[in-house]
Structures are given as C-alpha cells and as structure tokens.
Amino acid sequence: PAVAGGRAPAPRCRARDGYRHAVRRGTVGAFVVLCALLAVCPADSGRSAGATGDGELRALLQPSRLFETRGALRVDVRNLGDEDVRVTALRLDSPLYEPQDPQPRDPVLHAGGRDVVVPVQLGEPVCEAEADGPGRLVLTVEGGEVAVPLEERPADLLADRHAAACAVEEVRSQVDLRLGDGWERTADRTVTGEFELAQRAPGVELEVVGLEGNVIFTLTTEGAGDRPAPVLAVDDDHPADAVEARITASRCDPHALIEYKRTFTFVALVDAGGERPLRVDVTAEGDTRRLLEDVLQACL
C-alpha cells in the first residue's frame, strides 16, 4: 500500500444556505461494548472484503447497526500478503470529513487470513467539500502509516452519510429542537414533559412530522390522535411550538442496556423537502437525563 500523505486540516463544518434538500449516573452509563470500541471482532457474515486498489491489504466499508450507534462504520480488512501485519491504530482519510487523530486498535492481520472487522469513526462533516476519489483507511503499523483505498458497499456510502449529516447541520442552524424543562416522573417507569421547537431567526419554516423513541424508551405524544400532522411546526406567525410527550422505559434487561448506546437519544423526523423525513437526534440532558437515569435504575 502507498504511504499516506498528510492532509491540511479542513475547516469546521458550516451549513450552506438553502441546504434543505440534502438528505447514568452509575450503573447504566458503565456498560461498554468492548467489541465495538477497543477490540476486534471476526467478520459476522460470510462476505469477504472484495479486492480493491493496489497492494496486499483490502478494506471494505459498510454499515453496521452496532457501530453506527457510536458514529462509526464497519471496515472489513484482509491481508493478502505473505507476512502478518500488526495494526496499532487507524483513521479515515476523506475530504468529506475533518481529519481525526488515529483511533487505537490492535488487530493482527494474518497473512492470507480471514477478514478482521473494526469500527472507524467518521468525525465531523466538511459540508463544503466534495469527494475527489475513494476514501482511504490509514493504518498505523510498524514503520509508519499505510493507506488502503476503501471499497464502499453500497457505493457512495460516505457521500450519502455526508449529505445527511450536513442536512442535519442545516436544520440545527435554523431551529432549536430539544426536550423542554420541567419533565416529571408520572409512574415508576414513565416521565412526562414537552418537546420544543423554536425558530433561530425569522423566515424559518419547518415541520417535525414525527417523534420516535429507541430500543430502551418508548415515546408517545399526548393527544396524538386529536392533533393532525405535523407534530411540531414553526413559521413567522408561530415562531415556537411544543408538544406534550410521554417516555416509558420498555426494556431494562442487561442485554439491551449493554448492546444499545443511544439510551438517552430520541429522533425527530423533520420535513426537509426530501423524499423521506430527515432524522435529527434529540438528546436528553441535565435534569431530564438524570430523571431518565432514575427510571432505568428503578427497573434494573
């Protein structure tokens, strides 16, 4: 593989005007999926990392439901050479994302061996950038760094994720979308409060057409049957909106708590003018997060 060249730090992500059409205290917080963060898993499917680029290493980038909860994608790496390769760190090299420090990993890529699966963080998107070729997986090995061209499955995986991330940045620049203050515990496993939407500047028109819970918490909006879509909407006549919601801990089993890492994050479905609503994360913070932690403690 070619020796990786340096890349000048890219500017922070700045959303472009009109970019609306791009698509626990204690016990709970201590759970960690070591496989995703530190260790290396054997490939969990029979597919191999198909040959791509020159050299003796191959790298296939693809989605992973496990790794994506941490802002990462899955890379299947294979060594087609005659000697083992010990990796100590890796990073993504793509103009679509800001350069990151190498992420510590410790796999040994055995010569002619099976695929080794590792997560790679995407980092912050650079919203003005365009891809100038395939991304690369830069591996830190004995003697320096090597860059391996990435095969993407599906094709344009990085570009599609980049467009969605920048569309979310655009929404965040236009509105505040949050869990309001004053959430209360109304049952052993349930809290009730409001989701809020507010303009950041005049002229913004935006609709939230749905709110979703997650693997651990079920979310329902109060009086949803009586209130037509959208769930939330703002314009110059109504610069702020709120809807009452109920959040209930539906799963408290250790397996779910260990495997799932977006426990306190919910999803707003925002109409951004595309074919499908844009998925925007809304994370509980401060007193609301502590209240949800209490709920989880009660059902462990």
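Heads up: the structure comes first, above all this text.
Remember, predicted model here, so these are calculated numbers, not experimental data. (Residues numbered from 1 in each chain as written. Predicted model: local features only at pLDDT ≥ 70, side-chain atom pairs only at ≥ 80, totals over all residues. Heavy atoms only, no water.)

### Some thoughts on the pattern of salt bridges
And step 1. Under the counting rule described, the total for this entry stands at 15 salt bridges.
And step 2. A salt bridge links Arg 279 to Glu 212, with the nearest nitrogen and oxygen atoms 2.9 Å apart. Taken together, the positions of Arg 279 in strand β18 (residues 278-283) and Glu 212 in strand β13 (residues 206-212) put the pair 67 residues apart, joining distant regions of the chain.
And step 3. Owing to a relative accessible area of 29%, Glu 212 belongs among the partly exposed residues under this scheme.
And step 4. Ionic pairing is found between Asp 287 and Arg 290, a salt bridge with its closest N-O pair at 2.4 Å. With Asp 287 and Arg 290 both in helix α6 (residues 286-299) and three residues apart, the pair spans about one turn of that helix. (Salt bridge = Lys/Arg side-chain N within 4 Å of Asp/Glu carboxyl O. Helix = DSSP H or I, 4+ residues; strand = E, 2+ residues; numbered from the N terminus. Buried < 20%, exposed > 50% of the residue type's maximum accessible area, 1.4 Å probe, protein only.)

### Looking at the state of the cysteines
A covalent bond between the sulfur atoms of two cysteines is referred to as a disulfide.
And step 1. For the coordinates displayed, the defined rule picks out one disulfide.
And step 2. Two residues share a disulfide in this structure: Cys 127 and Cys 166, whose sulfurs sit 2.1 Å from each other. A torsion of -105° about the S-S bond marks the disulfide between Cys 127 and Cys 166 as left-handed. On the criterion of sequence distance, the pair formed by Cys 127 in the loop between β7 (116-121) and β8 (136-141) and Cys 166 in helix α4 (residues 157-174) is long-range, its members being 39 residues apart.
And step 3. We classify Cys 127 as buried; its relative accessible area is 1%.
And step 4. Taking the relative accessible area as the measure of exposure, Cys 166 reaches 1% and is therefore buried. (Disulfide = S-S within 2.5 Å.)

### Some thoughts on the packing of aromatic side chains
And step 1. Going through the model one piece at a time under the given rule, you end up with four aromatic pairs.
And step 2. With a centroid separation of 6.4 Å and an interplanar angle of 90°, the aromatic rings of Phe 195 and Phe 266 are classed as edge-to-face. Here the residue Phe 195 occupies a position in strand β12 (residues 190-199), and Phe 266 occupies one in strand β17 (residues 265-271), the gap between them amounting to 71 residues. Each member of the pair, Phe 195 as well as Phe 266, carries the same accessibility label: buried.
And step 3. Each ring, one from Phe 217 and one from Phe 264, has its centre 6.3 Å from the other, and the planes form 40°; the classification is tilted. Taken together, the positions of Phe 217 in strand β14 (residues 217-221) and Phe 264 in the loop between α5 (254-259) and β17 put the pair 47 residues apart, joining distant regions of the chain.
And step 4. Classification of Phe 217 by relative accessible area gives buried; the value is 1%.
And step 5. Taken together, the aromatic side chains of Trp 183, Phe 195, Phe 217, Phe 264 and Phe 266 make up a single cluster linked through ring pairs. (Phe/Tyr/Trp six-rings, centres within 6.5 Å; stacked < 30°, edge-to-face > 60°.)

### Quick notes on the sheet that holds β18
Where strands meet in a sheet, backbone hydrogen bonds hold them as pairs that are either parallel or antiparallel.
And step 1. One open sheet accounts for four strands, arranged β15-β13-β17-β18; its pairing is antiparallel. The open sheet has two edge strands with one neighbour each: β15 (232-234) and β18. Between one strand and the next, the sheet's axes are offset by a mean angle of 30°, whatever the strand orientation.
And step 2. Bridging between β13 and β15 involves three bridges; their strand directions are antiparallel. (Pairing = 2+ DSSP bridges. Axes fitted to C-alpha atoms, helices over the stretch in contact; angles between N-to-C directions.)

### Quick notes on the pairing of strand β4 (residues 85-93)
And step 1. Across two bridges, β4 lies against strand β6 (residues 108-109) in antiparallel orientation. Residue pairing in the sheet places Val 85 in a bridge with Leu 109 of β6.
And step 2. Bridge analysis of β4 against β8 gives six bridges, and the strand direction is antiparallel. Directly across from Asp 93, in β8, lies its bridge partner Arg 136.
And step 3. Pairing between β4 and strand β5 (residues 103-104): two bridges, direction antiparallel. Directly across from Ala 89, in β5, lies its bridge partner Pro 104.

### Here we look at the environment of Ala 89
And step 1. In this fold, Ala 89 is placed in strand β4.
And step 2. Sequence spacing of Ala 89 and Gln 103 is 14 residues, and the spatial spacing of their C-alpha atoms is 5.2 Å.

### Looking at the environment of His 162
And step 1. Inspection of the secondary structure assignment puts His 162 in helix α4.
And step 2. As for His 162 and Leu 122, which are separated by 40 residues in sequence, their C-alpha atoms are 9.2 Å apart.
And step 3. Every residue in contact with His 162, bar those within four places of it in the chain, is listed here: Leu 96, Tyr 97, Pro 125, Val 126, Cys 127 and Ala 129. (Contact = heavy atoms within 4.5 Å.)

### A closer look at the side chain of Gln 62
And step 1. For Gln 62, the location among the structural elements is in strand β2 (residues 57-62).
And step 2. On the accessibility criterion, Gln 62 (3% relative accessible area) is buried.
And step 3. Only 3.3 Å separates the side chain of Gln 62 from the side chain of Asp 76, close enough to count as a polar contact. (Polar contact = N/O pair within 3.5 Å; in protein donor to acceptor, adjacent residues only side chain to side chain.)

### Remarks on the nonpolar core
And step 1. Of all hydrophobic cores here, the largest spans 42 residues; its most connected members are Phe 195, Phe 217 and Ile 247.
And step 2. For this core, the element with the highest residue contribution is α6, accounting for five residues.
And step 3. Residues contacting Ile 247, with those up to four places away along its chain left out, are Leu 179, Trp 183, Arg 189, Thr 190, Val 191, Phe 195, Phe 217, Thr 218, Leu 219, Phe 266 and Leu 292.
And step 4. Counting 26 residues, the second largest nonpolar core, distinct from the first, contains Ala 59, Leu 73, Leu 122 and Ala 129. (Core = buried A, V, L, I, M, F, W, Y, C linked by side-chain atoms within 4.5 Å.)

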